[in-house]
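# Structural description and commentary
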Amino acid sequence: MNTTPTETGALDIVIFGGAGDLSFRKLLPALYMAHLHSRLSPETRIVAVGRQNWSREEYLEFIDKNSPQFIEKNAFTADDWKRFMDRLVYVSLDVTAASDYAKLKAVCDAPMVRVFYLATAPSLFTQICANLSSAGLVDAQSRVVLEKPLGTDLASARAINTDVARYFDEQQIYRIDHYLGKETVQNLMVLRFGNAIFEPLWRAPYIKSVQITVAESVGVGSRAGFYDGAGAMRDMVQNHLLQLLCIVAMEPPISLGADDVRDEKLKVLRSLRKMDLADIKRDTVRGQYTAGASEGAAVKGYLEEDNVPAGSRTETFVALRAQINNARWANVPFFLRTGKRMQKRQSEIIIEFADQPFSIFGTTAHHEPNRLIISLQPEESIQLEMMVKEPGTGMSLHPVKLGLDLQQSSDKRRAEAYERLLMDVIKGRLTHFMRRDELEAAWMWVEPILDGWQALDDKPRNYSAGSWGPAASSALMAREDLSWFEEV
Ligand code: BG6
């Protein structure tokens, strides 16, 4: 165990949905890691709020049974876990009953920084904030963390934002997108703005295309109840993929200050060219997985998964071509792609540089464009594809990769996204959270596409589980003489 001094003063982290999936899979393991590495002050408490009528002992029993399996094996010790559990307090309350909040007030009476983490359905956010406020639990030191999905369209996102703003100032609101907490995603900013060599080339006409892929090998699992009403566009593109696109495309912010970074991301979102029906037909592909194989095992199709309504047209895959209307990116296509039950779990960003304007090696020589391959997960690496001379007496060319394995580049511990973001909330750092206008700008671009699919009565194309998505996704790129990276 690390013995650096703690990084925070006393505070309470109040988790609504304290017995929910997110809590025991992500939040408590992340807080355990922060505890283990002495990043929480000894007085910091975790107040779990749940509707189950449990005693503290019953809650601890539940957490003890369900949470440790989500903690890195070599970081778990029974002693540390026990000391961590000493921080936990349980308050059983019905979040919709204002009178119940007196129970929370009784536990949280001393004035101090309080973080309210709303890990519940967004439909409860307004009520929780209102009830917290009328119970006198919200003051200038309070912070509220809102989990995604924040709304299902622009109107519902606006409604949530407007309601929450009645009780919390924008500076107190942390809209989480856990992709912004990933080490490699944060590293993208350093790659772009901490190295002089890329910035001059990071624009049209030196970049020919950008690909952003977030592929998952898992299926919908037990989440069909939520997922079928959302689909890949709302679940992944509206937030994670657009955030990645923002970091790739934004202008250098004037500082790492939250609003400086978020102002630049907002400009990117506002520069995304709106799609009309013809664009949607041409530049987007929806898919839905059918039975196939995933990592060697036979798996069901989406329609056969538990709780998926018969005949559902929900997309489990999206590929699209986006265009950013500004001077830096004019005419550079951005291809975004995400899907469940794809061949493997792989998130990557490929920057494909423009072709050599003229080759002294002749038109028959093997030429590949230079590509910067930024792998976000599971590998964390940066590779630059370059042409070199093939050994021998001739002057043949062949591509090689100049590679940097980020995991090997430092022996410092790499914190998980939730730990990093929770520490940001605790320290009051908003840079890696979405501001209201950013979230709404993302919806403004996504919503017409969702509406367009409806208007076109667009049925998702089938793809076999374990593939890279429908053939139309390859065709989307082939049209411009480009290919997804795994097809190169
Ligand atoms: C979540 C989505 O936001 O991100 C899930 O709701 C998805 O459907 C998950 O599986 C992917 O996150 P990660 O960190 O595993 O890439």
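Thresholds, definitions, all that
Note on numbering: residues in each chain are counted from 1, in written sequence order. Residue-level local features of this predicted model are given only where pLDDT is at least 70; pairs of side-chain atoms are given and counted only at 80 or more, and the full residue set underlies all totals for whole chains, interfaces and linings. Hydrogens are left out, water is left out, and the side-chain values use all remaining heavy atoms of the structure. Proximity is defined per residue: if any heavy atom of the residue lies within 4 Å of a molecule or strand, that residue is considered near it. Any pair of N or O atoms that falls within 3.5 Å is considered a polar contact. Within protein, one atom must be able to donate a hydrogen and the other to accept it, and sequence-neighbouring residues count only if both atoms are side-chain atoms. Each helix is a run of DSSP H or I of at least 4 residues and each strand a run of E of at least 2, with the numbering of both proceeding from the N terminus. Residues are sorted three ways: Asp, Glu, Lys and Arg are charged, Ala, Val, Leu, Ile, Met, Phe, Trp, Tyr, Cys and Pro are nonpolar, and all the rest, Gly among them, are polar. In plain words, nonpolar cores are sets of buried Ala, Val, Leu, Ile, Met, Phe, Trp, Tyr and Cys residues tied together by side-chain atoms within 4.5 Å. Only protein chains enter the calculation, and the probe is 1.4 Å; a residue is then buried if its accessible area is under 20% of its type maximum, exposed if over 50%, and partly exposed in between. Contact definition: two residues touch when any of their heavy atoms are within 4.5 Å. Think of a salt bridge as a Lys or Arg side-chain nitrogen and an Asp or Glu carboxyl oxygen that are within 4 Å of each other. The axes are straight lines fitted to the C-alpha atoms, using for helices just the contacting stretch, and the angles between their N-to-C directions are given from 0 to 180°. These descriptions rest on fixed angle ranges, namely under 35 degrees for roughly parallel, over 145 for roughly antiparallel, 65 to 115 for roughly perpendicular, and the rest for oblique. Take the far helix as your reference; a near helix turned counterclockwise from it by less than a right angle gives a left-handed crossing, and one turned clockwise gives a right-handed crossing. A 1.4 Å probe that fits but cannot get out identifies a cavity on a 1 Å grid over protein atoms alone, an open set with protein on both sides within 12 Å along at least five of seven lines counts as a pocket, and a residue lines either if it has an atom within 4 Å of a point. Grid points are joined across faces, edges and corners, and a volume is the space filled by probe spheres set on the points. Side-chain rings of Phe, Tyr and Trp, where Trp is taken by its six-membered ring, are said to pair if the distance between their centres is within 6.5 Å; with planes under 30 degrees apart they count as stacked, over 60 as edge-to-face, and otherwise as tilted. Distance and angle both matter: a charge sits over a ring if NZ of Lys or CZ of Arg is within 6 Å of the ring centre and within 35 degrees of the ring normal.

### Thoughts on the site of the ligand
Taken together, the residues surrounding the ligand are K148, H178, Y179, K182, E216, R223, D235, M236, H240, K340, R345 and Q377. In the model, an oxygen atom of the ligand is placed 2.8 Å from a nitrogen or oxygen of the R223 side chain. A distance of 2.7 Å separates an oxygen atom of the ligand from a polar atom in the side chain of Q377. Counting residues per element, the shell around the ligand draws most heavily on helix α8 (residues 224–249), which supplies 3 residues. Residues belonging to the shell around the ligand are distributed by class as follows: 2 nonpolar, 3 polar and 7 charged.

### Remarks on the nonpolar core
Among the nonpolar cores identified, the biggest contains 104 residues, and F16, L104 and F334 are the most heavily contacted of them. Top element by residues in this core is α8. It accounts for 14 residues. Residue contacts for F334: discarding those within four places in its chain leaves V210, L245, V248, A249, L320, R321, A322, I324 and W329. A48, Y59, F84 and Y174 belong to the second-largest nonpolar core, a separate cluster that totals 42 residues.

### Quick notes on the pattern of salt bridges
Opposite charge on two side chains allows them to pair when their charged atoms are near. One pass over the structure, following the stated rule, counts 42 salt bridges. Where D235 meets K148, a salt bridge forms, and the shortest distance between an N and an O atom there is 3.2 Å. Placement of D235 in helix α8 and of K148 in the loop between β5 (143–146) and α6 (154–165) is noted, with a sequence separation of 87 residues between them. Residue D235 is classed as buried on the basis of its relative accessible area of 2%. Across the salt bridge formed by R286 and E315, the nearest N and O atoms sit 2.9 Å from each other. Of the two residues, R286 sits in strand β8 (residues 284–290) while E315 sits in the loop between β10 (297–299) and β11 (317–323), which places them 29 residues apart along the sequence. Residue R286 shares its accessibility class with E315, and that shared class is buried.

### A closer look at the packing of helix α1 (residues 21–36) against helix α11 (residues 417–427)
When two helices pack together, their arrangement is given by the angle between their axes and by how far apart the axes lie. For the pair α1 and α11, interaxial distance at closest approach is 8 Å and the crossing angle is 70°. By the angle between their directions, the pair α1 and α11 is classed as roughly perpendicular. Here α1 runs over α11; the crossing is right-handed. Contact with α1, carried on its side by L22, K26, L27, A30, L31, M33 and A34, involves Y418, E419, L422 and M423 of α11 and no other residues of that element. Looking at the contact of α1 with α11, its residues break down into 9 nonpolar, no polar and 2 charged.

### Thoughts on empty space enclosed by the protein
Taken as a whole and assessed by the stated rule, the structure comprises 4 cavities of 30 Å³ or more. Here the largest cavity defines a volume of roughly 60 Å³. Mapped by element, the contributors of at least two residues to the lining of the largest cavity are α7 (183–193) and α9 (258–271). Top element by residues in the lining of the largest cavity is α7. It accounts for 3 residues. Residues belonging to the lining of the largest cavity are distributed by class as follows: 5 nonpolar, 3 polar and 1 charged.

### Thoughts on the packing of aromatic side chains
Evaluation of the coordinates by the stated rule reveals 20 aromatic pairs. For the ring pair F24 and F62, a centre distance of 5.7 Å and an interplane angle of 85° mean the geometry is edge-to-face. Of the two residues, F24 is situated in helix α1 and F62 in helix α2 (residues 56–66); the sequence distance between them amounts to 38 residues. An angle of 65° between the planes, with centres 5.7 Å apart, marks the rings of Y32 and W81 as edge-to-face. Taken together, the residues Y32 in helix α1 and W81 in helix α3 (residues 78–85) connect sequence positions 49 residues apart. Joined through ring pairs, the aromatic side chains of F24, W54, Y59, F62, F70 and Y90 make up one cluster. One Lys or Arg, R286, reaches over the ring of W453 and ends 5.0 Å from the middle of that ring.

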